[in-house]
Amino acid sequence: MNTTQMWRSDESREKRANSSNRARLFYFGAAVLLLALMFLGFQQFYLHGKAYPNRELAPPIRTLLILHGASMLMWVLLFLVQPLLIVAGNRRVHMMLGRIGAVLAVGIVILGYRLAVEATRIKPPEMRLWGLDPKQFLAISIISITVFAVFVSVGVWNRRRPEVHRPMMLLATLAVIPAALDRTEFITSLYAGTVWGAVFGPFFGSLVIGMFLLALKWRLTRSLNKWFAIGYAGLVFSSASIMQLATTRAWDQFASFLLG
């Protein structure tokens, strides 16, 4: 290999390393953003132990609310720490926390399903959220948690393929962040009552954030991660489908089964 070839090879390796570090820092930045949004939406819960909007936690589901809120906070904090461990070269701790994260995700899914059903049982039948009654709105909770579980499963299965693993974990978090955005009035006021709100309901804000993050990563790394793009497209499709499914007779029958 001549000097020119060696120089080009070194330059290529340096570019790949720089791109990889930018990608890792991108996921850290995305985690910071999602953590801030989650805290903003659930600030009354985390600071005052109250439900939105400034209500006492309902006694029948108080324990479930606390456990679910704590587990989601741990999930986002873990998502924030993991890319920093890779940048620091501490892969052993990263892998250990990854196993803890997988167990935590299972707990989030179980708690999420249970909380969704129990919360629906105590809501007044005349209550409306995004134009849906409690039984219809249950579709948003149940399917969102299912989408979260699917993304996490794909991410864990591909844990040795960072180009798949990292965007799947980000998309999993985006799938459940609408719960926080729905409690942030200055955000939901931007699309509630619009065609976007009618089609995507409480998911529209998270889809906009996802589009921004996809474009930002493309800009930072100078390449489009096809797994991120495919996963994001799936998130858009599932979000629109949930709002349509929620008003069908099939969902009404399934929700009646879940509610006993």
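Quick look at the structure, then.

1. Side note on the packing of aromatic side chains
Two descriptors summarise a pair of aromatic rings, namely the distance from one centre to the other and the angle between the planes of the rings. One pass over the structure, following the stated rule, counts 11 aromatic pairs. Aromatic side chains Trp 75 and Phe 148 sit 5.2 Å apart centroid to centroid with 70° between the ring planes, which places their arrangement in the edge-to-face category. Here Phe 148 lies in helix H5 (residues 134-157) and Trp 75 lies in helix H3 (residues 62-87), a separation of 73 residues in the sequence. Members of the aromatic cluster, connected to one another through ring pairs, are Trp 130, Tyr 191, Trp 196, Phe 200 and Phe 204.

2. Things to note about H5
With 24 residues, H5 extends 35 Å from end C-alpha to end C-alpha; this agrees with the ideal 34 Å at 1.5 Å per step. The residue sitting at the N-terminus of H5 and contributing the capping side-chain oxygen is Asp 133; that oxygen lies 3.1 Å from the backbone nitrogen of Lys 135.

3. Comments concerning the nonpolar core
Among the nonpolar cores identified, the biggest contains 60 residues, and Trp 75, Phe 148, Leu 170, Leu 171, Phe 228 and Leu 235 are the most heavily contacted of them. Per-element accounting of this core gives the leading share, 11 residues, to H5. In this structure Trp 75 touches Gly 101, Leu 104, Ala 105, Ile 108, Phe 148, Val 152, Met 169 and Thr 173, once residues within four positions along its chain are discounted. If you look at the next biggest cluster of nonpolar residues, it comprises five residues, including Ile 61, Leu 64, Leu 111 and Leu 115.

4. With respect to the packing of helix H10 (residues 204-221) against helix H11 (residues 226-245)
For the pair H10 and H11, interaxial distance at closest approach is 11 Å and the crossing angle is 170°. Considering their axes alone, H10 and H11 lie roughly antiparallel with respect to each other. Where H10 abuts H11, its residues Leu 207, Gly 210, Met 211, Leu 213, Leu 214 and Lys 217 lie against Phe 228, Ala 229, Tyr 232, Leu 235, Val 236 and Ser 239. Broken down by class, the residue content of the contact of H10 with H11 amounts to nine nonpolar, two polar and one charged.

5. What to know about helix H6 (residues 162-176)
In this model, H6 (15 residues) spans 22 Å end to end at C-alpha, consistent with the 21 Å of a helix rising 1.5 Å per residue. Of all 15 residues that make up H6, 12 are buried, and the element is covered over most of its length. By the burial criterion, the buried members of H6 are Val 164, His 165, Pro 167, Met 168, Met 169, Leu 170, Leu 171, Ala 172, Thr 173, Leu 174, Ala 175 and Val 176.

6. Considering the packing of H3 against helix H4 (residues 91-122)
When two helices pack together, their arrangement is given by the angle between the helix axes and by the axis-to-axis distance. Across the interface, H3 lies against H4 with an axial gap of 9 Å and an inter-helix angle of 155°. It follows from the interaxial angle that H3 and H4 lie roughly antiparallel. In the crossing of H3 with H4, the sense of the turn from one axis to the other is left-handed. Across the contact of H3 with H4, the residue classes break down as 17 nonpolar, seven polar and three charged.

7. Observations regarding the pattern of salt bridges
For the structure on display, the rule yields five salt bridges. Put simply, Arg 121 and Glu 118 hold a salt bridge, and the shortest N to O gap is 2.7 Å. Residue Arg 121 and its partner Glu 118 are both found in helix H4; the two are separated by three residues, about one turn of the helix. Here Glu 163 makes a salt bridge to Arg 161, at a shortest N to O gap of 3.3 Å. Within the structure, one salt-bridge network assembled from shared partners comprises Arg 114, Glu 118 and Arg 121.

8. Notes on the side chain of Thr 188
Summarising the element assignment, Thr 188 is placed in helix H8 (residues 185-188). Judged by relative accessible area, Thr 188 falls into the buried class, the value being 11%. Excluding anything up to four places from it in sequence, Thr 188 contacts Trp 130, Leu 181 and Asp 182.

9. Quick look at the side chain of Ser 144
For Ser 144, the position within the fold is in helix H5. Taking the relative accessible area as the measure of exposure, Ser 144 reaches 10% and is therefore buried. Among the polar contacts made by the side chain of Ser 144, one reaches the main-chain carbonyl oxygen of Ile 140 at a distance of 2.5 Å.

Cut-offs applied
Residues numbered from 1 in each chain as written. Predicted model: local features only at pLDDT ≥ 70, side-chain atom pairs only at ≥ 80, totals over all residues. Heavy atoms only, no water. Phe/Tyr/Trp six-rings, centres within 6.5 Å; stacked < 30°, edge-to-face > 60°. Helix = DSSP H or I, 4+ residues; strand = E, 2+ residues; numbered from the N terminus. Expected span 1.5 Å × (residues − 1). Polar contact = N/O pair within 3.5 Å; in protein donor to acceptor, adjacent residues only side chain to side chain. Core = buried A, V, L, I, M, F, W, Y, C linked by side-chain atoms within 4.5 Å. Buried < 20%, exposed > 50% of the residue type's maximum accessible area, 1.4 Å probe, protein only. Contact = heavy atoms within 4.5 Å. Axes fitted to C-alpha atoms, helices over the stretch in contact; angles between N-to-C directions. Parallel < 35°, antiparallel > 145°, perpendicular 65-115°, else oblique. Nonpolar A, V, L, I, M, F, W, Y, C, P; charged D, E, K, R; others polar. Left-handed = near helix turned anticlockwise from the far one by under 90°. Salt bridge = Lys/Arg side-chain N within 4 Å of Asp/Glu carboxyl O.

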